[in-house]
Every structure is written in structure tokens, then in C-alpha cells.
Amino acid sequence: MENSDLRYTLRMDRTLFAKYRYVAKYNGRSANKEIEQHIKRSVQAFEKEHGEITMEEINKDTQENA
């Protein structure tokens, strides 16, 4: 069975990340899940303004930038 999760390395200031982990814990989430929620909201806001992003568009963009 294939795992659909993607691993992505994120570099940021240690103090900022410590504060972010505090916020995540306050919200009852891990830092990873908190980041995932922010990304989901960002994509939803973009799609609300610009329309749904299709996999066809993503694949085309990926090929053009390869």
C-alpha cells in the first residue's frame, strides 16, 4: 500500500518555531498538523478567489518548470 504523505524539510528561526509549537499545543495539535491546517486554509482561500486548482494544472506547471 502506497503512503500518500509527502515529507518536506522546512527551515525557520528556532524561536519562531518554538512559539509555533506552543500555539499548536494550545490548539491540541502537533506542529506538523498545525502547519497542515494553515496550508489547507491557504489553498482554500486561493481557490475561493481563483477557482479550483486541478491536477492537470499542477502537472502542466511541474512540466514547464522542470
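Cut-offs applied
Residues numbered from 1 in each chain as written. Predicted model: local features only at pLDDT ≥ 70, side-chain atom pairs only at ≥ 80, totals over all residues. Heavy atoms only, no water. Helix = DSSP H or I, 4+ residues; strand = E, 2+ residues; numbered from the N terminus. Expected span 1.5 Å × (residues − 1). Polar contact = N/O pair within 3.5 Å; in protein donor to acceptor, adjacent residues only side chain to side chain. Patch = residues over 30% accessible without salt bridge, like charges linked within 9 Å, V, L, I, M, F, W, Y side chains within 5 Å. Areas by Shrake-Rupley, 256 points an atom, 1.4 Å probe, with all protein chains shown as cover. Salt bridge = Lys/Arg side-chain N within 4 Å of Asp/Glu carboxyl O.

Regarding helix H2 (residues 31–50)
Phase 1: Between the first and last C-alpha of H2 there are 28 Å, a value that for 20 residues agrees with the 28 Å anticipated at 1.5 Å per step.
Phase 2: Just downstream of H2 lies Gly51, where phi reads positive at about 100 degrees.

Section: helix H1 (residues 14–26)
Phase 1: The end-to-end C-alpha distance of H1, which contains 13 residues, comes to 18 Å, matching closely the 18 Å that a straight helix rising 1.5 Å per residue would cover.
Phase 2: Capping the start of H1 is the job of one residue whose side-chain oxygen sits 3.0 Å from the backbone nitrogen of Thr15: Asp13.
Phase 3: Trailing H1 by a residue or two, Gly28 shows a phi angle of about 75 degrees, which is positive.

Quick notes on a nonpolar patch on the surface
Phase 1: Together, Ile39, Val43, Phe46, Ile53, Met55 and Ile58 line one region of the surface with nonpolar side chains, adding up to about 520 Å² of accessible area.
Phase 2: Listed by contribution, the elements that provide at least two residues to the nonpolar patch are H2 and helix H3 (55–64).
Phase 3: Per-element tally for the nonpolar patch: the top contributor is H2, with three residues.
Phase 4: Within the element layout of this structure, Ile53 appears in the loop between H2 and H3.

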